[in-house]
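Report on the structure
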Amino acid sequence: MSEKAILQLEENSYELPVVIGTEAEKAIDISKLRDVSGYITLDSGYKNTGAVQSAITFLDGEKGILKYRGYSIEELAEKSTFIEVAYLLVYGNLPNKDQLNAFLYQISRHTLIHEDMKKFFDGFPSKSHPMGQLSSLVCSLSAFYPESLHPHPTVEELDLTIIKLLAKMTTIVSWIYKKSLGHPIIYPQNKLNYVANFLNMTFGQRTEEVLIDPVVVSAMDKLLILHADHEQNCSTSTVRIVGSSECNLYSSVSAGISALWGPLHGGANQAVIEMLEQIKIGGGSAEKWINKAKDKNDPFRLMGFGHRVYKNFDPRAKIIKKACDDVLTKLGVNDPILEMAKNLEELALNDSYFVERKLYPNVDFYSGIIYRALGFPTDMFPVLFALGRLPGWIAQWKEMREQKEPIGRPRQVYIGHTDRTYVPIAVR
Ligand code: CMC
């Protein structure tokens, strides 16, 4: 017999269906509760609310498990490539050789962006944040490819939009960087793979010779895999909710980029490095910052620490910490910030404030140190997070549309004034 929940409200009791996921996660389906009882549920920040049933990513915050489509993040990070993972997330299975080649070929045919888009780069002030530029430029793709506006695209039409978005994102991101330096842009080269092409457009010179170090390509690939999806986080929920109005994929992803920008989400990687820099300037003692983070009168939080779902460890952080050591060693980079980060982590993990609240380093704590070693400036870090998260956003948007989910529209409990009578300004 299927499980049910009984809810007692005043004199009445209601039977509510229980939904059980494939990993035995349980939820009480309250979708009809208001119709039968007049009550809604209230859950600020959706801390305990499931908004969707999804087959893309599973994570168990207590056990520190993260899987994409059933494959563990540890195995994918070690054995696969970002493009394979992108295919897996978007289409549900790992590609075979022909599927992968066709996918790569399609992407390589669409990396150019419309020449008119270059005018946008010229219009942005030179110091404007790359995330603001990225969000605007991705949204503007809907203007250059208006066929994407169709609210009910065919499978072929949607596939083409997906390919274009994956392909053009690398060009947009690297050109944002080149423009910030005032350097000439570098056009994509179809013969390079996805990550190498991106790095070449970002760091290459205007030469036929490819100057990309395989160590850098492999580190970047791993970082992108680790960021590729993370179920219903702030930016992904944003993408799904914007898309639920039948808004096009480009604009929905642009909204996701804006949601990711904040320092509590994808902007944390930039904030971590800025915090570590401050610690360095202050003589290297992390205690002041630990105390600041613990002080309830101070809004400061230890950046790169804590997670809404992970309450034991963040498996991505574990992989990144090791990759950080490896990459810095292989590149011969000696960054004192890495030692500072390790000391800060040790202090926090031995402090009762952080222990009691189950606050551990998250994905953003060490990722910035690798990005820095690869040569990226700090304000590009959230953009790199967005590049990695792109396949996840696409997969979640596609699933939402395929499942024909209704438009997202939460309820509220109104706590404002009740009836008031208008008073003319002269007597107010
Ligand atoms: N430093 C100090 N205290 C913290 C921190 C922190 N980084 N994170 C949480 N707390 C405290 C918080 O003050 C609260 O204490 P109390 O119970 O005494 O009021 C308790 O821990 C629970 O925090 P919360 O705000 O209820 O937790 P949340 O699930 O709403 O927030 C978070 C999760 C990630 C926004 C938060 O941990 C945070 O602000 N961390 C710093 C920013 C950061 O690193 N963000 C990147 C997240 S991982 C990348 C991604 O996927 O977005």
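Structure report, in brief.

**Quick look at the overall build of the chain**
The helix and strand tally for the chain stands at 18 helices and 6 strands. Here the C-alpha atoms of the chain give a radius of gyration of 23 Å, agreeing with the 22 Å that 2.2 N^0.38 yields for 428 residues. Across its three principal axes, the chain shows a C-alpha extent of roughly 75 × 70 × 55 Å. Split into buried and exposed, the 428 residues of the chain put 47% on the buried side. Of the roughly 22200 Å² that the chain leaves accessible, carbon and sulfur atoms contribute 53%.

**Description of the packing of aromatic side chains**
Under the defined criterion, the tally for this structure stands at 18 aromatic pairs. Ring geometry for Tyr87 against Tyr91: centres 5.0 Å apart, planes inclined by 50 degrees, an arrangement best described as tilted. One end of the pair, Tyr87, and the other, Tyr91, are both in helix 3 (residues 82–91), 4 residues apart, so they sit about a helical turn from each other. Look at Tyr87 and you get buried, because its relative accessible area is 12%. A relative accessible area of 26% means that Tyr91 is categorised as partly exposed. With a centroid separation of 6.4 Å and an interplanar angle of 45 degrees, the aromatic rings of Tyr145 and Tyr250 are classed as tilted. With Tyr145 in the loop between helix 6 (130–144) and helix 7 (155–181) and Tyr250 in helix 11 (residues 249–261), this pair connects stretches of sequence that are 105 residues apart. By the burial criterion, Tyr145 is buried, and Tyr250 matches it.

**Brief notes about the sheet that holds strand 2 (residues 12–20)**
One open sheet accounts for 3 strands, arranged 1-2-3; its pairing is antiparallel. On the outer flanks of this sheet lie strand 1 (4–9) and strand 3 (26–28), each paired with one strand and no other. Ignoring strand direction, the axes of neighbouring strands in this sheet form an average angle of 30 degrees. By the bridge criterion, 3 bridges tie strand 2 to strand 3 in an arrangement that is antiparallel. Note that in strand 3 the partner of Val19 across the bridge is Ala27.

**Things to note about the layout of surface pockets**
Taken as a whole, the second largest pocket encloses approximately 360 Å³ of empty space. What lines the second largest pocket is a set of 17 residues, and nearest its centre among them are Pro151, His152, Pro153, Arg401 and Glu402. Counting residues per element, the ones that place at least two in the lining of the second largest pocket are helix 7 and helix 18 (381–402). The residue makeup of the lining of the second largest pocket, split by class, is 6 nonpolar, 4 polar and 7 charged.

**Notes on empty space enclosed by the protein**
To find leftover empty space, one rolls a probe the size of a water molecule over the atoms. Applying the stated criterion to the full structure yields 2 cavities of 30 Å³ or more. A volume near 60 Å³ is recorded for the largest cavity. For the largest cavity, the full set of lining residues is Glu147, Ser148, His150, Pro153, Glu157, Leu158, Thr161, Leu249 and Trp397. With 3 residues, helix 7 is the largest single contributor of residues to the lining of the largest cavity. Grouping the constituent residues of the lining of the largest cavity by class yields 4 nonpolar, 3 polar and 2 charged. In this structure, the second largest cavity occupies an estimated 30 Å³ of space. Gly306, His307, Tyr310, Phe313, Asp314, Tyr360, Pro361 and Asn362 together form the lining of the second largest cavity. When grouped by side-chain class, the residues that make up the lining of the second largest cavity number 4 nonpolar, 3 polar and 1 charged.

**Details of the side chain of Lys398**
With respect to the helices and strands, Lys398 occurs in helix 18. When sequence neighbours within four positions are dropped, the list of residues in contact with Lys398 reads Val90, Tyr91, Leu158 and Ile162.

**Points about a positive patch on the surface**
A grouping of Lys47, Lys296, Arg301, Arg308 and Arg357 is seen on the molecular surface, where their side chains present a positively charged patch. Checked against the element boundaries, Arg357 lands in the loop between helix 16 (352–356) and helix 17 (363–374). On the basis of relative accessibility, which here comes to 37%, the residue Arg357 falls in the partly exposed class.

**Let's talk about the site of the ligand**
For the ligand, the set of nearby residues contains 21 residues, the closest of which are His265, Arg301, Leu302, Gly304 and Arg308. Within the side chain of Arg308, one N or O atom sits 2.7 Å away from an oxygen atom of the ligand. One of the side-chain N or O atoms of Asn362 is found 2.9 Å from an oxygen atom in the ligand. Look at the ligand: alone it shows 940 Å² of surface, and the protein chains cover 80% of it. Of the residues that constitute the shell around the ligand, the class distribution is 10 nonpolar, 5 polar and 6 charged. Here the shell around the ligand gathers at least three residues from each of two domains, domain 2 (70–265 + 380–402) and domain 3 (268–374).

What counts and how
- Every residue gets a number counted from 1 within its own chain, in the order that chain's sequence is written.
- A pLDDT threshold of at least 70 governs which residues receive local features in this predicted model, and a stricter bar of 80 or more applies before side-chain atom pairs are shown or counted, although totals over entire chains, interfaces and linings include all residues.
- To get the side-chain values, take all heavy atoms of the structure and skip hydrogens and water.
- For the purposes of this entry, the term helix denotes a DSSP run of H or I that reaches at least four residues, the term strand denotes a run of E that reaches at least two, and both are numbered from the N terminus.
- The reference for a compact globule is 2.2 Å times residues^0.38; the radius of gyration itself is calculated from the C-alpha atoms.
- Burial here depends on accessible area, computed with a 1.4 Å probe over protein chains only, as a share of the maximum for the residue type. Under 20% is buried, over 50% is exposed, and the range in between is partly exposed.
- To measure how exposed things are, a 1.4 Å probe is used in the Shrake-Rupley method; for residues, cover is taken only from the protein chains shown.
- Each aromatic pair joins two rings of Phe, Tyr and Trp (for Trp, the six-membered one) with centres within 6.5 Å, and gets the label stacked for planes under 30 degrees apart, edge-to-face for over 60, and tilted for any other angle.
- One bridge is not enough; two strands pair if DSSP finds at least two bridges between them.
- Helix axes use the C-alpha atoms of the stretch in contact, all axes being lines fitted to C-alpha atoms, and the angles between their N-to-C directions lie in the range 0 to 180 degrees.
- Cavity and pocket criteria rest on a 1 Å grid covering protein atoms alone: a 1.4 Å probe that fits but cannot get out defines a cavity, protein on both sides within 12 Å along at least 5 of 7 lines defines an open pocket, and an atom within 4 Å of a point defines a lining residue.
- Grid points are joined across faces, edges and corners, and a volume is the space filled by probe spheres set on the points.
- Lys, Arg, Asp and Glu make up the charged group, whereas Ala, Val, Leu, Ile, Met, Phe, Trp, Tyr, Cys and Pro make up the nonpolar group; the residues left over, Gly among them, are polar.
- Contacts are assigned to residue pairs that have any heavy atoms within 4.5 Å of one another.
- To count toward a patch, a residue needs a relative accessible area above 30% and no salt bridge. Like charges then connect within 9 Å, nonpolar side chains (Val, Leu, Ile, Met, Phe, Trp, Tyr) within 5 Å.
- Counted as salt bridges are all cases of a side-chain nitrogen of Lys or Arg within 4 Å of a carboxyl oxygen of Asp or Glu.
- The convention is simple: Lys and Arg are positive, Asp and Glu are negative, and His and the chain ends are not counted.
- A single reference atom marks each charge: NZ on Lys, CZ on Arg, CG on Asp, CD on Glu.
- Near, as used in this document, describes a residue that has one of its heavy atoms within 4 Å of the molecule or strand being considered.
- A 3.5 Å cut-off defines polar contacts: any pair of N or O atoms within that distance qualifies, except that in protein one atom must be a possible hydrogen donor and the other a possible acceptor, and neighbouring residues in sequence count only when both atoms are side-chain atoms.
- Each domain's limits were defined by an automated method or a database of domain assignments.

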